[in-house]
Protein chains: 2
Amino acid sequence: METTQIQLIARPHGEPMDTDFAVVKIGLPELEDGDVLLRVLYLSLDPYMRGRMSTAKSYAAPVELGTVMVGATVCEVIESRADSLAPGDVVLSYSGWQTHTVAKARHVRKLDPEAAPISTALGVLGMPGFTAYGGLLEIGRPQRHETVVVAAATGPVGSAVGQIARIKGARAVGIAGGPEKCRALLDEFGFDAAVDHRAPDFEDQLAAAVPDGIDVYFENVGGGVADAVTPLLNRFARIPVCGLVSAYNATEAPTGPDRLPAFMRRILTSSLTVRGFIQDEFVPTRYDDFLRDMSEWIRDGSVAYREDVVVGLENAPEAFRGMLAGRNFGKVLIRIGDR
Amino acid sequence: METTQIQLIARPHGEPMDTDFAVVKIGLPELEDGDVLLRVLYLSLDPYMRGRMSTAKSYAAPVELGTVMVGATVCEVIESRADSLAPGDVVLSYSGWQTHTVAKARHVRKLDPEAAPISTALGVLGMPGFTAYGGLLEIGRPQRHETVVVAAATGPVGSAVGQIARIKGARAVGIAGGPEKCRALLDEFGFDAAVDHRAPDFEDQLAAAVPDGIDVYFENVGGGVADAVTPLLNRFARIPVCGLVSAYNATEAPTGPDRLPAFMRRILTSSLTVRGFIQDEFVPTRYDDFLRDMSEWIRDGSVAYREDVVVGLENAPEAFRGMLAGRNFGKVLIRIGDR
């Protein structure tokens, strides 16, 4: 049995290029006791993968050159030597950018295709949804009538942040790129206000959208959006720092002026809380609550989600570049196998 | 009855100059029912006062030009029209930089000169001590065997931070300017290690002093000390931001490179908590605990304190400049009246 995989073969300088990847066919090992053979149906593309392509110090080791790019997948079991799984079962795995894999059955999680569409295990009911839930509720702690702002707001994390904020009685203001996404924030996701960061008067529009200031800024982009948010933060505002996508492809040391002293002064004079996090730290205390709450919110319609499905493993590098640049519209999934 | 007061007459540009202040004699009003006439014994000088001299947005309104500089004082009652106070009583007041004042009795707090030296109400048993206690215990939350780092460590806040950290079972590392202060950190205040930020190999010395990394950095200076600390922070480290003294006299926008992106990346990848605070937010929940704990720690010798007493109101501006530059050695007090 063979798998076709996309390996990382060079460390990207700036935006990852096709030449940083290679499509490679390799044989898979024979199954041992406890193993399953998986056919990948969906691969999730997420911004954290840019960090794994680089050797800069981070919370996880980089992908070694000449090995398959990492990533979460939804797969179908096609052969099993484990009692817990049978052919036809659908599982959540971490097989990376490839068509097939052999995994230990105990390392995958069986999904119930009747409970929710299987792709949601990579989005609203998976890591991105839990990132929103854990970061917003553990760090952001929105109170009734407070104002929550999030950027990349039609993405899988941002859209969940805004909708959970509203469920908790807060006012949700989303930032997105372009009028189509801003319309979706209001019409699909039920945000209270939407602001287009590409508009020439973005700062003024944002200020107008938060007449009572900002109590929670869920940070997933950094850059110019964060600069516009900072002056509007209220005393005791909370900033869960979940990502800084705008800087992930940066190649040069930022030039001046140095904005750190002013930001620290703002933290001091407004008693701000700025807290970085990775969702896995909240798994022990919050994951069960998340699955229960989010499943119910999807069923009762209080949380909507949007997927941006690209067909074909070979299109993953281009789809990944597009996601970092904000050209996606919803959770980016690569459909690799049909079911 | 007259008071001699130091008024702010110009907004300082950079370091406050003598010409930014004026010594003025003015008459005091007659006492009304509930009033006391106070003679100032000690005036406290604290870094936050630099913020009150400027109009930059902060948590408190600036001192208006042509009015007395604000500040906490310990005073003797010399005349009373309030039942709660009698001549000879000693009180904590907020009379500012002057020799006498008329205050409402309900706005001052009576001190017990038998319980502790009266000057400590402005230092280790006052706002600076409570700043250390509240910020360290509410935000820093040092655990046994963790490492706590604090700068300006012979000052009233820093010395209390290190000593409370040790009481809680943590390792205390102090940063101070010059060998004399570093010796005092070890010999007087019982820190586990002391590092001189003026040493040419400061960064290396600091790294050597924290072999297990840094879990709590109590931020009261900013600048180059903070730059040396950041790479040494452990995952989940906490940074209570209490002050940024190194920047208080800054007159020009900082030039590049822009350090904010790297700092935000560090917050993200190490799950740091950065939290600004003003001690008053902890008063409702922590002040009684503080008075009880700190009084006991002073009595049993587990907390030492050091005062730097300057005689004469007219020397307050120079003493204030010295404090911002780190030329003081301990809590800066201006002795205005004898008792």
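Everything numeric in this text was worked out from a predicted model, so none of it was measured.

Caption draft 1: Layout of the interface of chain A and chain B. The interface of chain A with chain B comprises 33 residues on the first partner and 32 residues on the second. Put simply, the parts of the chain that give the side of chain A that touches chain B at least two residues each are helix H7 (260–269) and strand E14 (273–276) of chain A. The dominant element in the side of chain A that touches chain B, judged by the number of residues it contributes, is H7 of chain A, at 8 residues. Looking at the side of chain A that touches chain B residue by residue, the class counts come to 17 nonpolar, 10 polar and 6 charged. Of the strand pairs in this sheet, E14 of chain A and strand E14 (residues 273–276) of chain B are connected by 3 bridges, and their pairing is antiparallel. Bridging from a neighbouring strand, Val274 of chain A pairs with Val274 of chain B of E14 of chain B.

Caption draft 2: Summary view of the nonpolar core. Core analysis: the biggest nonpolar cluster contains 200 residues, and Val161 of chain A together with Val161 of chain B have the highest contact counts within it. What Val161 of chain A contacts, discounting residues up to four positions off in sequence, is Ala132, Leu136, Val148, Val150 and Phe218 of chain A.

Caption draft 3: Fine view of the sheet that holds strand E2 (residues 21–27) of chain B. Residue and element names in this part refer to chain B. Read across the open sheet, the 3 strands follow the order E2-E1-E4; overall the sheet is antiparallel. Strands with a single pairing partner mark the edges of an open sheet, and in this sheet they are E2 and strand E4 (67–68). Direction of pairing for strand E1 (residues 2–8) relative to E4: antiparallel, over a ladder of 2 bridges. Counted as the bridge partner of Leu8 is Thr67 from E4.

Caption draft 4: How the structure looks around the pairing of strand E9 (residues 147–150) of chain A. Residues and elements named next belong to chain A. Here E9 shows two buried faces, one formed by Thr147 and Val149 and the other by Val148 and Val150. Here E9 pairs with strand E10 (residues 171–176) via 4 bridges, running parallel. Residue pairing across strands places Thr147 opposite Arg171, the latter belonging to E10. Crossover connection from E9 via helix H3 (residues 156–167) to parallel E10: handedness right-handed. Two elements, E9 and strand E12 (residues 214–218), share 3 bridges in a ladder whose sense is parallel. Its bridge partner being in E12, Val149 is matched across the sheet by Tyr217.

Caption draft 5: Local environment of the packing of helix H2 (residues 127–140) of chain A against H3 of chain A. All names here are of chain A. At a minimum axis separation of 8 Å, H2 and H3 run at an interaxial angle of 45°. As the angle between them shows, H2 and H3 are arranged oblique. Crossing of H2 against H3: the hand is right-handed. Side by side, H2 and H3 meet where Pro128, Gly129, Thr131, Ala132, Tyr133 and Leu136 of the first sit next to Pro156, Val157, Ala160, Val161, Ile164 and Ala165 of the second. The class makeup of the residues in the contact of H2 with H3 is 10 nonpolar, 2 polar and no charged.

Caption draft 6: Here's a closer look at the relation of the copies chain A and chain B. After a rotation of 180° and a shift along the axis of 0.0 Å, chain A superposes on chain B with an RMSD of 0.0 Å. The transformation just described matches what one would write down for a two-fold rotation axis. Most of the interface of chain A is mirrored in chain B, where 97% of its interface residues again form contacts.

Caption draft 7: A look at the pairing of strand E11 (residues 193–196) of chain A. All names here are of chain A. Of the two faces of E11, the one holding Ala193 and Val195 and the one holding Ala194 and Asp196 are both buried throughout. As judged from the 4 bridges shared by E10 and E11, these two strands associate in the parallel manner. Bridged to Ala176 within E11 is Asp196. Where the polypeptide runs from E10 across helix H4 (residues 179–187) and back to E11, its parallel neighbour, the crossover connection is right-handed.

Parameters at a glance
- Residues numbered from 1 in each chain as written.
- Chains lettered and ligands numbered in written order.
- Predicted model: local features only at pLDDT ≥ 70, side-chain atom pairs only at ≥ 80, totals over all residues.
- Contact = placed C-beta atoms within 7 Å.
- Helix = DSSP H or I, 4+ residues; strand = E, 2+ residues; numbered from the N terminus.
- Nonpolar A, V, L, I, M, F, W, Y, C, P; charged D, E, K, R; others polar.
- Pairing = 2+ DSSP bridges.
- Core = buried A, V, L, I, M, F, W, Y, C linked by C-beta atoms within 7 Å.
- Buried ≥ 20, exposed ≤ 12 C-beta atoms within 10 Å, placed from the backbone.
- Right-handed = clockwise from strand over helix to strand, strands pointing away.
- Axes fitted to C-alpha atoms, helices over the stretch in contact; angles between N-to-C directions.
- Parallel < 35°, antiparallel > 145°, perpendicular 65-115°, else oblique.
- Left-handed = near helix turned anticlockwise from the far one by under 90°.
- Least-squares fit on C-alpha atoms with pLDDT ≥ 70 in both.

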